[in-house]
2 protein chains.
Amino acid sequence: MTTTPLSTPPAPTGNALIVLGCPEVPVQQALALHCSHQLRSHGFAVHAAGNPAVLNLLKVSDPEKRYLPETSILEKCIEEIVEKKRDCDLCIVFAHSDAGISYAATMRHLLPASRLVVIIFGKDPETLAALADFPSEKIIEKAVHNPMQLRKKINGVFGWAA
Amino acid sequence: MTTTPLSTPPAPTGNALIVLGCPEVPVQQALALHCSHQLRSHGFAVHAAGNPAVLNLLKVSDPEKRYLPETSILEKCIEEIVEKKRDCDLCIVFAHSDAGISYAATMRHLLPASRLVVIIFGKDPETLAALADFPSEKIIEKAVHNPMQLRKKINGVFGWAA
C-alpha cells in the first residue's frame, strides 16, 4: 500500500473535525456550514466543536440538520480526543483571535497524525497567522462580513468546485 | 426522522418578505434562516432582501438553498414594491441599527396592508425600539451572539413550535 501525503487533494473518505472560535465574526458560521456540507458531499463524517453560543448559531441556521448534524462543546470534544474516544483524519480550525490559534495548537498537539488546516480570518489575519508557529496548512484571508473570497481560497485548498 | 408537531393551526398560505440589516450581528443570519424555514413549513413563499454581504452570508450558510432559496438586493426589492411588481402579506424586518428601523418605516409606508413585524435586537434594542414610532408589531430582545432567547420570542409571536 502506498501512503498518500496528507496535504494532497482529493481527500480520502474519513472523519473530519471542525473547531470553531467565538462567534463574533459573521463569516465563521456561514463558512463552517459550507465546509461541513462540502466535506459530507466528499465522503467525510463531520463533527463540529465550539462554545455554546457558536453551536447555537449553527443549530438555528440549519434547523433540519442537513449540513452539520453533529456538534459538541469544545471542552468535551478535547476531553474525548485526550481519552482516545475521538479521532479525525482532517481537522479544520477557524481562528480569528489568539484563542483560535491556541485551539489549533492544541489540536496539533493532540492529533499529530491528522491533516490540520487552520483558517485564519477576521480583521488582521496576517498578525494572527504569525502566531501559528506549529506545522499546519494555513488559509489566510481578511474576512469579517463577506465570506466570498475566503470561501474561494478554502475551495481551492480542498479542490472543491465553486 | 423527526416530525415537528405544530402547536397552533398552520398560518394561511401567502407571501412573506424578510428584510435584513447589515451583517455585523451574528444572530441575524441564523434567525433569518430559521424564520424562512418556519414560514415555508407553514405555507408561505419567502423572499429575503438585504445588502450584498448579508445575502452572501445566507447563500454560503445554505449551500443547497433548502431554507431560503429566493433573495434580492434591497434596493431592487424596494423598487419592485414601488412599481407594484412585488407584494407580501407578511413583512419581517430585522433591525439592529437606525438603518434597520428606517427600512421598517419604509416597508410600513410602501406596504400599508401587510402585517409588519419588526425584530429589534443587538446590544441596545430598547433605545432602537423607541425610534420605531409607526404601526407595527415589535419583537425586542438583546441579542448579539446567542440567538436562543430571541428565537423563543419569535416562535411565540408566530405560534411556531420550539
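Before any of the text, the structure's been laid out above.
Keep in mind it's a predicted model, so treat the numbers as computed, not measured. (Residues numbered from 1 in each chain as written. Chains lettered and ligands numbered in written order. Predicted model: local features only at pLDDT ≥ 70, side-chain atom pairs only at ≥ 80, totals over all residues. Heavy atoms only, no water.)

(A) Molecular detail of the overall build of chain A. Each helix and strand in chain A was counted, giving 6 helices and 6 strands. Reading the helices (α) and strands (β) of chain A from amino to carboxyl end gives β-α-β-α-β-α-β-α-β-α-β-α. If you line up chain A on its principal axes, its C-alpha atoms span 45 × 35 × 35 Å. Looking at chain A as a whole, 51% of its 162 residues qualify as buried. When the accessible area of chain A is evaluated, it comes to approximately 7300 Å², of which 54% is carbon and sulfur surface. Distance from the positive charge centre (16 side chains) to the negative charge centre (16 side chains) of chain A: 5 Å. (Helix = DSSP H or I, 4+ residues; strand = E, 2+ residues; numbered from the N terminus. Buried < 20%, exposed > 50% of the residue type's maximum accessible area, 1.4 Å probe, protein only. Areas by Shrake-Rupley, 256 points an atom, 1.4 Å probe, with all protein chains shown as cover. Lys, Arg positive; Asp, Glu negative; His and termini not counted. Charge placed at Lys NZ, Arg CZ, Asp CG, Glu CD.)

(B) Highlighting the interface of chain B and chain A. Every contact between the two is made by 26 residues of chain B and, on the other side, 26 residues of chain A. Between chain B and chain A, roughly 2300 Å² of surface is buried when both sides are summed, and carbon and sulfur atoms account for 66% of that area. The largest share of the area that chain B buries against chain A comes from Val60, Tyr67 and His145 of chain B, three residues that together contribute 27% of it. At the surface where chain B touches chain A, the tally comes to 0 salt bridges. Listed by contribution, the elements that provide at least two residues to the side of chain B that touches chain A are α1 (27-41), α2 (52-61) and α6 (148-158) of chain B. Element by element, the count of residues in the side of chain B that touches chain A is highest for α1 of chain B, at 7 residues. (Contact = heavy atoms within 4.5 Å. Buried area = accessible area lost by both parts, 1.4 Å probe. Salt bridge = Lys/Arg side-chain N within 4 Å of Asp/Glu carboxyl O.)

(C) Representation of the environment of Lys138 of chain A within the structure. Residues and elements named next belong to chain A. On the secondary structure map, Lys138 appears in strand β6 (residues 137-140). On the basis of relative accessibility, which here comes to 37%, the residue Lys138 falls in the partly exposed class. Distance from Lys138 to Gly159, taken between C-alpha atoms, is 15 Å for residues 21 residues apart in sequence. Here Lys138 is in contact with Val118, Ile120, Ala129 and Ala132, once residues within four sequence places are set aside. There is a polar contact of 2.8 Å between the side chain of Lys138 and the backbone oxygen of Ala132. (Polar contact = N/O pair within 3.5 Å; in protein donor to acceptor, adjacent residues only side chain to side chain.)

(D) Representation of the sheet that holds β6 of chain A in the model. Residues and elements named next belong to chain A. Across the sheet, which stays open at both edges, the 6 strands sit in the order β3-β2-β1-β4-β5-β6 with parallel pairing between neighbours. At either margin of the open sheet sits one strand with a lone partner, and together these are β3 (71-73) and β6. Direction aside, neighbouring strands of the sheet carry axes that sit 20° apart on average. For strand β1 (residues 14-19) and strand β4 (residues 90-95), the ladder comprises 4 bridges, and the chain directions are parallel. Its bridge partner lying in β4, Leu17 is registered against Cys91. Packing against the sheet, helix α6 (residues 148-158) makes contact with β4, β5 (115-120) and β6, and its axis sits at approximately 155° to β6. (Pairing = 2+ DSSP bridges. Axes fitted to C-alpha atoms, helices over the stretch in contact; angles between N-to-C directions.)

(E) Fine view of the packing of α1 of chain B against α6 of chain B. Residue and element names in this part refer to chain B. Close contact between α1 and α6 brings their axes to 11 Å; oriented N to C, the two are set at 25°. Comparing the axis directions of α1 and α6 gives the class roughly parallel. In this structure, the crossing between α1 and α6 has a hand that is right-handed. Contact with α1, carried on its side by Leu31, His34 and Cys35, involves Leu150, Arg151, Ile154 and Asn155 of α6 and no other residues of that element. (Parallel < 35°, antiparallel > 145°, perpendicular 65-115°, else oblique. Left-handed = near helix turned anticlockwise from the far one by under 90°.)

(F) Structural context of empty space enclosed by the protein. Per the counting criterion, the structure on display carries 1 cavity of 30 Å³ or more. When its volume is computed, the largest cavity comes out at roughly 40 Å³. The class makeup of the residues in the lining of the largest cavity is 3 nonpolar, 1 polar and 3 charged. (1 Å grid on protein atoms, 1.4 Å probe; cavity = no way out; pocket = protein on both sides within 12 Å on 5 of 7 lines; lining within 4 Å. Points joined across faces, edges and corners; volume = space filled by probe spheres on them. Nonpolar A, V, L, I, M, F, W, Y, C, P; charged D, E, K, R; others polar.)

(G) Region of interest: the relation of the copies chain B and chain A. Least-squares fitting of chain B to chain A yields an RMSD of 0.1 Å, with the transformation described by 0.0 Å of translation along the axis and a rotation of 180°. In the structure described here, the two chain copies are related by an operation that fits a two-fold rotation axis. For chain B, the residue whose C-alpha comes nearest the rotation axis is Pro26 of chain B, separated from it by 2.5 Å. (Least-squares fit on C-alpha atoms with pLDDT ≥ 70 in both.)

(H) Structural view of the pairing of β1 of chain A. Residues and elements named next belong to chain A. Counting buried residues along β1, 5 of its 6 residues qualify, which places the element largely inside the surrounding structure. For β1 and strand β2 (residues 44-50), the ladder comprises 6 bridges, and the chain directions are parallel. Counted as the bridge partner of Gly14 is Phe44 from β2.

(I) Seen up close, α2 of chain B. For α2 of chain B, the buried fraction is high: 8 of the 10 residues fall into the buried class. Here α2 of chain B has its buried residues at Ala53, Val54, Leu55, Asn56, Leu57, Leu58, Val60 and Ser61 of chain B. For α2 of chain B, the secondary structure elements touched by its buried residues are α1 (26-41) and α6 of chain A together with α1, β2 (44-50) and β3 (71-73) of chain B.

Treat this as a map of the structure, not an account of what it does.
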